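Each chain, written out:
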Amino acid sequence: MRRWMLGGPGLLTLGAGVWKALVSDSGTAGGVLVVAGVLLLVAPFMIDRLERVSVSGTGLELGLSRDVAEQGAPKAAAIIDRSELAQLTEAYGVLREVLPDPEYTNARSYVQDVLVRRAATIAEREKFDAAEIRALFSNGSPVMRVMVLGLMGGDPSLVDVASLVEGIAKPATRTEQYEALRLTERLWERLSEPERAMLRGATQGVPIAKNSRRATVAAKILAKPSGS
């Protein structure tokens, strides 16, 4: 009963947050609603796991920007701290960890897509340091690596082919692999032939479940002719 009392409103709030984050110019209101929806959704299951989320006079305080700074990316931390990106990343991380069951796949996918899109939007208007972004991908948590791929999608100057190869061949999660494949396919025309060869080789050498989103994108990459 308690799951339905909190989980139902949580899903509704989460859906409202996703919609607002996608249609709003700033995305801040949507980010807050996404976080609120996730908190309501996971509260009946593992509320004690949310020690990273606290409430202060200024609202929700999340640990992501501190983690980013500790990874040697203070400039990125400052940008993330003044945007809703920390909220979305933490919300996705909590949802992914606390509700891994298949029945919550849609909720996880919604928040994941919003996170990647908002990261790309922020990277389009803010100036991130490419060296910091590479460091975050190399040393960051699984959810942070997904966020970084979103940033790369918004600003191609941040793209690091070695990171994409790692995201495809040695991903921390299937989500990371999917986002790395999708970014590779989207930016293919911008890549040099040696870079394409590296990414094509990584895609060929990794087992991917058939009939998955990852398999669909991988097939598109492998179907591209050499030198084009």
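Residues numbered from 1 in each chain as written. Predicted model: local features only at pLDDT ≥ 70, side-chain atom pairs only at ≥ 80, totals over all residues. Heavy atoms only, no water.

**Focus: the overall build of the protein**
Filter applied, for reference: Helix and strand assignments follow DSSP, with helices taken as H or I runs no shorter than four residues and strands as E runs no shorter than two, numbered in order from the N terminus. Per-residue accessibility, obtained with a 1.4 Å probe over protein chains only, is compared with the maximum for each type, and a residue is labelled buried under 20%, exposed over 50%, and partly exposed between these values. The contact criterion used throughout is that any non-hydrogen atoms of two residues lie within 4.5 Å. Every accessible area reported is derived by Shrake-Rupley at a probe size of 1.4 Å, with residue values counting cover from the shown protein chains alone.
When helices and strands are tallied, the protein shows 12 helices and 2 strands. Its helices and strands taken in sequence order, the protein reads α-α-β-β-α-α-α-α-α-α-α-α-α-α from the N to the C terminus. Scored against the burial criterion, the 228 residues of the protein give a buried share of 49%. A sequence separation of at least 24 residues applies to 67% of the contacts in the protein between residues at least 6 apart. Looking at the protein as shown, the accessible area adds up to about 11,100 Å², and 54% of this sits on carbon and sulfur atoms.

**A look at the environment of Thr-216**
Along the chain, Thr-216 falls in helix H12 (residues 213-223). It is 9.7 Å that separates the C-alpha atoms of Thr-216 and Tyr-178, two residues lying 38 residues apart in sequence.

**Observations regarding the confidence of the model for the protein**
Quick reminder of the rule: The pLDDT value tells you how sure the predictor is about a given residue, anywhere from 0 up to 100.
Taken over all residues, the pLDDT of the protein has a mean of 76, while the share at 70 or more is 71%. When the elements of the protein are averaged for pLDDT, strand E2 (residues 59-61) gives the smallest value, 37, and helix H9 (residues 161-169) the largest, 97. Low confidence marks residues 38-61, where pLDDT is under 50. Its contacts with residues over four positions away, or in another chain, come to 53 contacts.

**Observations concerning the pattern of salt bridges**
The cut-off we apply is this: Any carboxyl oxygen of Asp or Glu that lies within 4 Å of a side-chain nitrogen of Lys or Arg is treated as forming a salt bridge with it.
Enumeration over the complete set of coordinates arrives at 8 salt bridges. For Glu-179, the salt bridge is made with Arg-182, and the minimal N-O distance between the two is 2.9 Å. Residue Glu-179 and its partner Arg-182 are located together in helix H10 (residues 174-186), separated by 3 residues, close to a single helical turn. One salt-bridge network, held together by shared partners, links Glu-189, Glu-193, Arg-196 and Arg-200.

**Comments concerning the packing of helix H6 (residues 105-125) against helix H8 (residues 142-154)**
Rules: Note on method: axes are straight lines fitted to C-alpha atoms, helices fitted across the in-contact stretch only, with angles between N-to-C directions ranging 0 to 180 degrees. The scheme is simple: roughly parallel for angles under 35 degrees, roughly antiparallel for over 145, roughly perpendicular for 65 to 115, oblique for anything else. By convention the crossing between two helices is left-handed if the near helix lies anticlockwise of the far one by an angle smaller than a right angle, and right-handed if it lies clockwise.
Packing of H6 against H8 brings their axes to within 7 Å, and their N-to-C directions diverge by 45 degrees. Accordingly, the angle class assigned to the pair H6 and H8 is oblique. The handedness of the crossing between H6 and H8 is right-handed. Taken together, the residues of H8 that come into contact with H6 (itself represented by Leu-115, Val-116, Ala-119, Ala-120, Ala-123 and Glu-124) are Val-146, Met-147, Gly-150, Leu-151, Gly-153 and Gly-154.

**A look at the packing of aromatic side chains**
Selection criterion: Two aromatic rings, drawn from Phe, Tyr or Trp (for Trp, its six-membered ring), form a pair once their centres lie within 6.5 Å of each other, and the interplanar angle then sorts them: stacked below 30 degrees, edge-to-face above 60, tilted otherwise. When the NZ atom of lysine or the CZ atom of arginine is within 6 Å of a ring's centre and also within 35 degrees of its normal, the charge is said to sit over that ring.
Scanning the model with the defined rule gives 0 aromatic pairs in all. Against the face of Phe-137 rests Arg-145, its NZ or CZ located 4.1 Å from the ring centre.

**Here we look at the nonpolar core**
Among soluble globular proteins, nonpolar side chains are generally buried collectively. Spelled out, the test is: Nine residue types can take part in a nonpolar core, namely buried Ala, Val, Leu, Ile, Met, Phe, Trp, Tyr and Cys, and a core is a set of them joined through side-chain atoms within 4.5 Å.
If you look at the biggest cluster of nonpolar residues, it comprises 52 residues, and the most contacted ones within it are Val-68, Phe-128, Met-147 and Leu-151. Beyond its immediate chain neighbours, meaning those up to four positions away, Phe-128 contacts Ala-76, Ile-79, Ile-122, Ala-123, Ile-133, Leu-151 and Leu-158.

**Comments concerning the side chain of Gln-177**
Put simply, the rule is: In the analysis that follows, any N or O atom pair within 3.5 Å is treated as a polar contact, provided that within protein one partner can donate a hydrogen and the other can accept it, and provided that, for residues neighboring in sequence, both atoms belong to side chains.
Its place among the elements puts Gln-177 in helix H10. A polar contact of 2.6 Å, which involves the side chain of Gln-177, links it to the side chain of Arg-214. Non-local contacts of Gln-177, meaning those with residues more than four positions away in its chain, are made with Gly-167, Ile-168, Pro-171, Val-206, Ile-208 and Arg-214.

**Observations concerning the packing of helix H7 (residues 130-139) against H8**
Selection criterion: Each residue is assigned to one class: nonpolar for Ala, Val, Leu, Ile, Met, Phe, Trp, Tyr, Cys and Pro, charged for Asp, Glu, Lys and Arg, and polar for all the others, Gly among them.
The interhelical angle for the contact between H7 and H8, taken along N-to-C directions, is 150 degrees, at an axis separation of 8 Å. Between H7 and H8, the angle falls in the class roughly antiparallel. In the crossing of H7 with H8, the sense of the turn from one axis to the other is left-handed. Contacts from Ile-133, Leu-136, Phe-137 and Ser-138 in H7 reach Met-144, Arg-145, Val-148, Leu-149, Leu-151 and Met-152 in H8. Partitioned by chemical class, the residues of the contact of H7 with H8 number 8 nonpolar, 1 polar and 1 charged.

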